[in-house]
Amino acid sequence: MRLERKVAIISGGARGVRSGVPGMGAVEARMFAQEGAKVVIGDILEDEGQDLAQQIRDAGGEAIFVLLDVTVEEQWETAVAAAVENFGTVNVLVNNAGVSGRGRVEEVSAEEWDRVMDINAKGVFLGTRAVIPAMRQAGGGSIINISSQLGLVGTDNSSPQYQASKGAVRLLTKATAIQCARDGIRCNSVHPGPIATPMTEEGRGDEERVRLLVSRTPLGRYGRPEEVAYGVLFLASDESSFMTGSELVIDGGWTAQ
Ligand code: NAD
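What counts and what doesn't
- Residues numbered from 1 in each chain as written.
- Predicted model: local features only at pLDDT ≥ 70, side-chain atom pairs only at ≥ 80, totals over all residues.
- Heavy atoms only, no water.
- Near = heavy atom within 4 Å.
- Polar contact = N/O pair within 3.5 Å; in protein donor to acceptor, adjacent residues only side chain to side chain.
- Areas by Shrake-Rupley, 256 points an atom, 1.4 Å probe, with all protein chains shown as cover.
- Nonpolar A, V, L, I, M, F, W, Y, C, P; charged D, E, K, R; others polar.
- Core = buried A, V, L, I, M, F, W, Y, C linked by side-chain atoms within 4.5 Å.
- Buried < 20%, exposed > 50% of the residue type's maximum accessible area, 1.4 Å probe, protein only.
- Helix = DSSP H or I, 4+ residues; strand = E, 2+ residues; numbered from the N terminus.
- Contact = heavy atoms within 4.5 Å.
- Salt bridge = Lys/Arg side-chain N within 4 Å of Asp/Glu carboxyl O.
- Expected span 1.5 Å × (residues − 1).
- Arc of directions from axis to C-beta.

Of all residues adjacent to the ligand, which total 29 residues, the nearest are Arg15, Asp43, Asn96, Tyr162 and Thr197. In this structure, Asp43 approaches the ligand through a side-chain N or O atom, which is 2.6 Å from an oxygen atom. Computed on the free molecule, the ligand has an accessible area of 820 Å², of which 96% lies beneath the protein chains in the complex. For the shell around the ligand, a count of residues per class yields 16 nonpolar, nine polar and four charged.

Next up, the structure:
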């Protein structure tokens, strides 16, 4: 198994568990557990998170849920403590929690800017800072930050606060990679294109929006959460042991043109 003996925290791992359209974090949690990891699912969605942890345990895996708002420092401390108490250490952190935003640059309020930056960028920083001591003690680890293709290039059909937050994640990843390399802690960013998850569910009901996004994606469709999760799994495993500070682009070709 590819993640045997690894303990992984996944933020934002609960959405869509009951609806049958799971988010990427939920798919990663299941895949990690199938590959032998002990998984800590952190989310603001308590009921769905508890359900997912139970489903994983029912399938023979190991998982717990912790209530985690990624913008709250103390809750990160609690999540790391729960991982150490239940499973002994932390080897992997997937900073997956995120929200989209609305509006064009002239329309966005300062409050809305702060909301998206707090969850998408500051949340990644707080999570990274919280796991480093445990990873250092474990002799190393892998931090995987979920950015976006919109952390690499701009677009007119997404909010400026979302794009800025994902760009921040890209360079926070590189700073972390360089500063933590000597501790054996790797840090890489993942850049998905449009993926069929709860986040994009409303947009996928809008024919014009679907046509636009699909026309900008050379592979001509939305990606599936599994197609991102396989990349995250690779970065979490020792198969990627010489990768740090890099960008894994899984965007159907969006940024190739
Ligand atoms: P999703 O909405 O299905 O999942 C996001 C998760 O984050 C949910 O479980 C939600 O409850 C959680 N979350 C939100 N705010 C939180 C907070 N303050 N604290 C803790 N958890 C919180 O979305 P998804 O599409 O699975 O997105 C996962 C990641 O991938 C996000 O960072 C997103 O920005 C990124 N992404 C998504 C797409 C896409 O097209 N779906 C493309 C590129 C990048």
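After that view, the rundown keeps rolling.
To continue, consider the nonpolar core. Formed by 32 residues in total, the largest nonpolar core has its most connected members in Phe32, Val39, Ile41, Val94, Ile144, Val190 and Val232. Of all the secondary-structure elements, those providing two or more residues to this core are strand E1 (7–11), helix H1 (24–34), strand E2 (38–43), helix H2 (46–58), strand E3 (62–67), strand E4 (92–95), strand E5 (141–146) and helix H7 (225–236). In terms of residues, this core owes the most to one element, H1, which gives seven residues. Excluding anything up to four places from it in sequence, Phe32 contacts Leu3, Ala8, Ile10, Ala37, Val39, Val92, Val94, Val232, Leu233 and Ala236. Val7, Ala79, Phe87 and Ala130 belong to the second-largest nonpolar core, a separate cluster that totals 27 residues.

Moving on to the pattern of salt bridges. Using the criterion set out here, one finds twelve salt bridges in the structure. Residue Arg102 is joined to Glu202 by a salt bridge in which the shortest nitrogen-to-oxygen separation is 3.3 Å. With Arg102 in the loop between E4 and helix H4 (110–138) and Glu202 in the loop between strand E6 (185–192) and helix H6 (207–215), the pair connects residues that are 100 residues apart, well separated along the chain. What makes Glu202 exposed here is its relative accessible area of 61%.

This part takes up H2. In this model, H2 (13 residues) spans 18 Å end to end at C-alpha, consistent with the 18 Å of a helix rising 1.5 Å per residue. Every buried residue of H2 is accounted for by Glu48, Gly49, Leu52, Ala53 and Ile56. The buried residues of H2 occupy an angular sector of 135° when the element is viewed end-on, so they sit on one face. Across from the buried face of H2, at angles greater than 90 degrees, the exposed residues are Asp47 and Asp58. Looking one or two residues past H2, Gly60 carries a phi angle of roughly 95°, positive in sign.

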